[in-house]
Amino acid sequence: MLKPYNIADVAFQLDQEIGQEGRNSQVFIAHDPQLNARLVIKKVPKAGLDSATFFSESGHVYASKHSNVVPIHYACQDQDHIYLAMPYYANGSLKKLMEHGFLTVRQIVVISTQFLSGLHHIHSKKLVHFDLKPDNILISERGEALLADFGLAKSLGLNGLAEQDMFYGKMVPPEVFQQAAYDQRYDIYQVGLILFRMCVGDVEFYSQYNSHIVNGNFDRHAFKHAVINRQFPNTSNDVFPEHIPDSLIKVIRTCLQEVGLRYKSAIDIVNDLASIEGELLDWRYSQNGPGRRWIKKVDDMTYSLDLDENRTSIAKKLKDGGQERRIKDYCTDALNRQSTKRFLREH
């Protein structure tokens, strides 16, 4: 005689809903009275789900235990929904971090190598994530990046491919328009888009995406053409702020190549990111309307460079306890990109 599963009650109170970019579920901050803990609960409607896939996400995460993958505490269900309980990270997501300002190159490299470590692990389990984006990278209390949300994850079949018919439209690779099954290089393309967004900012990313909206309607044909022909995103040199190293731009472009020319694994991206070094790592970049600013402190000296919309520049240095002084060679009426990059490398 088969022994039936024990069924027990789980109680939690859903509090604040957490907004996400592109949603097929709801995510709440919740309180679990049994654990007296603050959790995050993902609420997924059963409608449209095959019964065999109700707990597929929790199964994928359980199979992918890793220090850079968000764990699942438990999964449960009621008549209409399944619920996945996860740790609450007060620092929020990478997207939230990006909303507070541009990241330094050092931050981009560190965060990327961390979540790529988690991605390499799930790829080793023959999974494709299919939904990589800044919303789905969470930042722990220690400031480490963890990969989250396995709602669209699929296992590779015997042919080394996984089928998927649900996509986050802003971050689809070109093969979506050309085939019905994909391998782990689908995720590699989305890594490239995340890196791109970290470097140029979401204002630029959404501006490029929204250029395909005409008279309030999204031109899917034009967007498809742009993705297939690698016109979206536009990764030309002048799109990137001058402190972004050429080596990082090359990593992004390789991720966004047609599928056969992309990185073959997440660890290959990590290796190239780890080699990025030099004076450009720690510049803090900001925009104020058309004006732009870089600032960096080296030991007891603070350097800054301001550019207006006409590229009129003011470069300064300030020693702790001293008086701010202009750096005359870089205070001009038209500081070009090459000279801007030279200043950023020299200071």
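As the structure is a computational prediction, the values presented were derived from the model and not from experiment.

What helix H7 (residues 246–255) keeps buried is the set Leu248, Ile249, Val251, Ile252, Thr254 and Cys255. For H7, the secondary structure elements touched by its buried residues are helix H3 (105–124), helix H4 (185–200) and helix H8 (266–274).

Before going further, it helps to examine the nonpolar core. Within the largest apolar cluster, 62 residues are counted, with the highest numbers of intra-cluster contacts made by Leu116, Val191, Leu248 and Ile269. Considering each element in turn, this core owes the most residues, 11 residues, to H4. Those residues in contact with isoleucine 269 that sit more than four places away from it in its chain are Leu116, Ile188, Val191, Val251, Cys255 and Tyr263.

Turning our eyes to something else, we now look at unusual backbone geometry. Across the junction of phenylalanine 232 and proline 233, the peptide omega takes the value -5 degrees, indicating a cis bond. Relative to the assigned elements, proline 233 resides in the loop between helix H6 (220–228) and H7. Although it is not a glycine, lysine 126 sits at a positive phi angle of roughly 60 degrees. Within the secondary structure layout, lysine 126 lies in the loop between H3 and strand S6 (127–128). Unlike most non-glycine residues, phenylalanine 130 shows phi in positive territory, near 70 degrees. Tracing the chain through its elements places phenylalanine 130 in the loop between S6 and strand S7 (137–139). Of the residues examined, phenylalanine 130 reaches a relative accessible area of 0% and is grouped as buried.

Another aspect to go through is the pairing of strand S5 (residues 81–87). Burial analysis of S5 places 7 of its 7 residues in the buried class, the great majority of the element. Pairing analysis gives 4 bridges linking strand S4 (residues 74–77) to S5, with the strands arranged antiparallel. For alanine 75, the partnering residue across the bridge sits in S5 and is leucine 84.

Moving on, we get to the sheet that holds strand S3 (residues 37–45). The strands making up a sheet associate through backbone hydrogen bonding, with each pair oriented either parallel or antiparallel. The 5 strands are arranged S1-S2-S3-S5-S4 in an open sheet whose pairing can be described as antiparallel. In the strand order of this sheet, the two ends are held by strand S1 (13–17) and S4, each with one partner. With strand direction ignored, the average angle separating the axes of adjacent strands in the sheet is 35 degrees.

All right, on to the pattern of salt bridges then. According to the stated counting rule, one finds 15 salt bridges in the structure shown. Among the ionic pairs, aspartate 282 bridges to arginine 106, the shortest N-O distance being 2.7 Å. Residue aspartate 282 is found in the loop between H8 and strand S14 (284–288), and its partner arginine 106 is found in helix H3; the two are separated by 176 residues along the sequence. In this structure, the salt-bridge partner of arginine 292 is glutamate 242, at a minimum N-O distance of 2.8 Å.

What counts, and at which threshold
- Here the residue index of a chain counts from 1 through its sequence in written order.
- Totals for whole chains, interfaces and linings use every residue, but because this is a predicted model, local features are given only for residues with pLDDT of at least 70 and side-chain atom pairs only at 80 or more, for both listing and counting.
- Hydrogens and water molecules were not included; the side-chain quantities draw on all heavy atoms of the structure.
- Only protein chains enter the accessibility calculation, which uses a 1.4 Å probe; a residue whose area is less than 20% of its type maximum is buried, one above 50% is exposed, and one in between is partly exposed.
- Under the DSSP-based scheme used, a helix requires at least four consecutive residues in state H or I and a strand at least two consecutive residues in state E, with every element numbered from the N terminus.
- Here a residue-residue contact requires only that any non-hydrogen atoms of the pair lie within 4.5 Å.
- We define the nonpolar core as a collection of buried residues of types Ala, Val, Leu, Ile, Met, Phe, Trp, Tyr and Cys that are connected through side-chain atoms lying within 4.5 Å of one another.
- Should DSSP find at least two bridges between two strands, the strands are taken to pair.
- Fitting a line to C-alpha atoms yields each axis, with helices limited to the stretch in contact; the angle taken between N-to-C directions then spans 0 to 180 degrees.
- Any Lys or Arg side-chain nitrogen found within 4 Å of a carboxyl oxygen on Asp or Glu counts as a salt bridge.

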